[in-house]
Amino acid sequence: MRILVTGGAGFIGSHLVRRLLSEGHNPVVNLDALRYSGNLENLADVAHDPRYAFVHGDICDAGTVERVLKEHNIDSVVNCAAETHVDRSILEPNSFARTDVVGTAVLLEEVRKAKVARFLQVSTDEVYGSVEHGWSKEDDTLAPRSPYSASKAGADLLVLSYWATYKFPVLITRGSNTYGPNQYPEKFIPLFITNAIDDQLLPLYGDGRYRRDWLSVHDHCRAIEHVLRYGAPGNVYNIGGGNEQENITVAEMILKHLGKSMELIRFVEDRPGHDRRYAVDWSRLRLLGWSPRVRFEEGLCTTVDWYRTHESWWRKIKAGEFRAYYEEVYRKRLEEAG
Ligand code: DAU
């Protein structure tokens with residue numbers, strides 16, 4: 001396939017670009033605005049691959065999208081471009097509405113005009129809202145509770161409207177909590193790993209008993225490629241990891257693997273509107289021929305080791321843009337926790 005990945009310099013996007021190249025797709029074009037979490041270092045190993053091209057640009061800019069689609073004769077688009085962090089969406093909700101909703105709307109219109117053969121929207125299990133019991137199925141009512149998940153849900157509805165209205169061949173994947181190398185250290189696992197390496201406190205929200213289903217980024221990208229190839233247009237596919245864990249257990253596993261003291265864990269003030277649990281039923285995707293391969297214990301250790309051996313990657317980030325954000329979100333919480 002001739003594929004455009006938007007947001008290809010981010011965490012999931014960069015792993016996806018690499019996966020698509022290794023699966024023989026040609027070309028794989030990466031359109032990324034390079035905002036705070038976009039990082040071309042994530043793709044340094046493929047930067048000179050003749051099948052790969054990078055374009056610096058924003059999905060909200062219709063002209064740029066139109067030009068890239070035409071110049072590279074793109075037949076399939078995967079939209080990974082998004083603002084994705086819940087805590088940031090609480091601080092600045094409008095940028096989420098802009099990138100996640102307006103950006104998707106602009107992209108959809110351009111791909112429809114260009115008559116692209118397949119459009120895959122990378123979404124999230126958070127659109128179902130907090131699920132105390134059971135597992136969310138693809139046709140469940142959406143009940144997002146943060147500006148982030150509400151923006152992603154809005155985008156999902158727009159995407160599905162293109163199938164209902166124009167029979168435009170869209171697909172949606174809704175992945176669970178993803179972890180692995182190159183994840184920006186604002187997210188739970190990389191924040192806790194990098195803090196622990198430096199003997200800094202690990203700020204655990206609320207009672208620490210919130211539950212997430214952890215999905216390796218490698219399994220997640222394999223699922224996206226699988227749905228792009230075999231998914232039925234107009235359909236949504238949940239992607240789960242089969243690794244549901246309480247946050248406190250994950251924090252303890254990280255500390256144990258690093259040989260650090262459990263005393264580093266600090267219970268801090270909770271995230272407003274914090275969703276208790278996410279869990280998806282991914283039997284539709286299993287029927288399509290995919291299932292996760294990475295066991296959480298192994299995947300987490302490999303991830304910890306990656307951060308241990310790639311300090312320059314994350315230290316640059318933590319010393320830069322991330323610092324002011326960390327101060328704003330955590331300083332008061334940690335001081336109050338003592
Ligand atoms: O479920 C998929 C979603 O998973 C993705 O769509 C989002 O982009 C991604 O950010 C993630 O959302 P969460 O809010 O679950 O992820 P986060 O890494 O922010 O937090 C995971 C859990 O850890 C959550 O219960 C909040 C908790 N947490 C997080 C941070 C950053 C803490 O206890 N302390 C922290 O410092």
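The rules we used
By convention here, each chain's residues receive numbers from 1 onward along its written sequence. Reporting in this predicted model follows two pLDDT cut-offs: at least 70 for local features of residues, and 80 or more for side-chain atom pairs to be given and counted; totals over whole chains, interfaces and linings ignore these cut-offs and use all residues. Note that water and hydrogens are dropped before the side-chain values are worked out from all heavy atoms of the structure. Starting at the N terminus, helices and strands are each numbered in turn, a helix being any DSSP run of H or I of at least four residues and a strand any DSSP run of E of at least two. Each radius of gyration reported is based on C-alpha atoms, and the globular scaling rule is 2.2 Å times the count of residues to the power 0.38. Each residue gets one of three labels from its accessible area relative to the maximum for its type: buried under 20%, exposed over 50%, partly exposed in between, using a 1.4 Å probe on protein chains only. Here a residue-residue contact requires only that any non-hydrogen atoms of the pair lie within 4.5 Å. Areas reported as accessible are Shrake-Rupley estimates using a 1.4 Å probe. Residue values count occlusion only from the protein chains shown. Under the convention used here, Asp and Glu are negative, Lys and Arg are positive, and both His and the chain ends fall outside the count. Charge positions come from single atoms, namely NZ of Lys, CZ of Arg, CG of Asp or CD of Glu. Throughout this document, a residue counts as near a molecule or strand when at least one of its heavy atoms sits within 4 Å of that molecule or strand. Polar contact is defined as a pair of N or O atoms within 3.5 Å, subject to the rule that within protein one atom must be able to donate a hydrogen and the other to accept it, and that residues adjacent in sequence are counted only when both atoms are side-chain atoms. Three classes are used, and their members are as follows: Ala, Val, Leu, Ile, Met, Phe, Trp, Tyr, Cys and Pro are nonpolar, Asp, Glu, Lys and Arg are charged, and the others, Gly among them, are polar. An automatic or database domain assignment supplies the residue ranges for each domain. Throughout, a disulfide means two cysteine sulfur atoms within 2.5 Å of one another. When DSSP finds two or more bridges between two strands, those strands count as paired. Here an axis means a line fitted to C-alpha atoms, over the contact stretch when the element is a helix, while the angle between two N-to-C directions is reported on a 0 to 180 degree scale. Of the grid points, spaced at 1 Å and generated over the protein atoms alone, those admitting a 1.4 Å probe that cannot get out make up cavities, while open sets with protein on both sides within 12 Å along at least five of seven lines make up pockets; any residue with an atom within 4 Å of a point is treated as lining. Grid points are joined across faces, edges and corners, and a volume is the space filled by probe spheres set on the points. In this text, buried Ala, Val, Leu, Ile, Met, Phe, Trp, Tyr and Cys residues form a nonpolar core when linked through side-chain atoms within 4.5 Å.

Undergrad: Would you mind going over the overall build of the protein chain with me for this structure?
TA: Looking only at helices and strands, one finds 12 helices and 13 strands in the protein chain. Taken over the C-alpha trace, the protein chain has a radius of gyration of 19 Å; the compact-globule value for 338 residues is 20 Å, and the two agree within 12%. For the protein chain, the spread of C-alpha atoms along the three principal axes comes to 55 × 45 × 35 Å. Of all 338 residues assigned to the protein chain, the portion counted as buried reaches 57%. Nonlocal contacts in the protein chain, meaning residues at least 24 apart in sequence, comprise 82% of its contacts between residues at least 6 apart. A total of about 13800 Å² of accessible surface is found on the protein chain, and carbon and sulfur atoms cover 51% of it. Between the centroid of the 42 positive side chains of the protein chain and the centroid of its 47 negative side chains there is a distance of 3 Å.

Undergrad: Please clarify how the site of the ligand should be interpreted in this entry.
TA: In the vicinity of the ligand, 25 residues are found, and the nearest of them are Asp125, Glu126, Tyr148, Arg212 and Arg271. Contacts to the ligand include Tyr205, whose backbone N or O atom sits 2.8 Å from an oxygen atom. Take Arg212: an N or O atom from its side chain is 2.6 Å from an oxygen atom of the ligand. Put simply, the parts of the chain that give the shell around the ligand at least two residues each are helix H6 (188–197) and strand S8 (202–205). Taken together, the residues of the shell around the ligand break down into 11 nonpolar, eight polar and six charged. When residues of the shell around the ligand are assigned to domains, at least three fall in each of domain 1 (3–179 + 214–239) and domain 2 (188–212 + 243–275 + 295–337).

Undergrad: Whenever I open this one, the state of the cysteines confuses me. Can you help?
TA: In a disulfide, the sulfur atoms of two cysteines are covalently bonded to one another. Using the criterion set out here, one finds zero disulfides in the structure. In this structure Cys80 is not part of a disulfide, and its nearest cysteine sulfur, from Cys221, lies 7.2 Å away. On the accessibility criterion, Cys80 (15% relative accessible area) is buried.

Undergrad: I keep staring at the sheet that holds strand S1 (residues 3–6) and nothing clicks. Help me out?
TA: Backbone hydrogen bonds are what pair the strands of a sheet, in a parallel or an antiparallel way. With respect to topology, seven strands assemble into an open sheet ordered S3-S2-S1-S4-S5-S6-S11, the strand pairing being parallel. Looking along the sheet, the strands with just one partner apiece sit at the ends: strand S3 (52–56) and strand S11 (235–239). Averaged over neighbouring strand pairs, the angle between their axes works out to 20° when direction is ignored. Inspection of the sheet shows strand S2 (residues 28–32) paired to S3 by five bridges, in the parallel sense. Residue pairing for S3: Asp32 is matched across the bridge by His56. Helix-sheet contacts for helix H4 (residues 93–113) involve S1, strand S4 (76–79), strand S5 (118–124) and strand S6 (170–175), and the interaxial angle to S5 is about 165°.

Undergrad: Would you take a moment to explain the layout of surface pockets for this structure?
TA: Sizing a probe to match a water molecule and rolling it over the atoms shows the empty space that remains. Looking at the largest pocket, its volume works out to about 300 Å³. Asn195, Gln200, Lys318, Phe322 and Tyr326 are the residues nearest the centre of the largest pocket, which is lined by 13 residues in total. Looking at the lining of the largest pocket, the elements with two or more residues in it are helix H11 (311–319) and helix H12 (322–337). At five residues, H12 tops the list of elements feeding residues into the lining of the largest pocket. Space inside the second largest pocket adds up to approximately 170 Å³. As for the second largest pocket, its lining consists of 16 residues, of which Tyr36, Gly38, Asn39, Tyr184 and Ile317 are closest to the centre. When residues of the lining of the second largest pocket are assigned to their parent elements, the largest contribution, three residues, is made by H11. Taken together, the residues of the lining of the second largest pocket break down into five nonpolar, eight polar and three charged. Each of domain 1 (3–179 + 214–239) and domain 2 (188–212 + 243–275 + 295–337) contributes no fewer than three residues to the lining of the second largest pocket.

Undergrad: In this structure, what is going on with the nonpolar core? I would like to understand it.
TA: Soluble globular proteins: nonpolar side chains tend toward being buried together. Counting 56 residues, the largest nonpolar core has Val78 and Phe119 as the members making the most contacts within it. Beyond its immediate sequence surroundings of up to four residues, Val78 is in contact with Ile3, Leu4, Val5, Thr6, Leu16, Leu120, Val122, Ile224 and Leu228. Within the second largest apolar cluster, 36 residues are counted, among which are Leu255, Leu264, Tyr307 and Tyr325.

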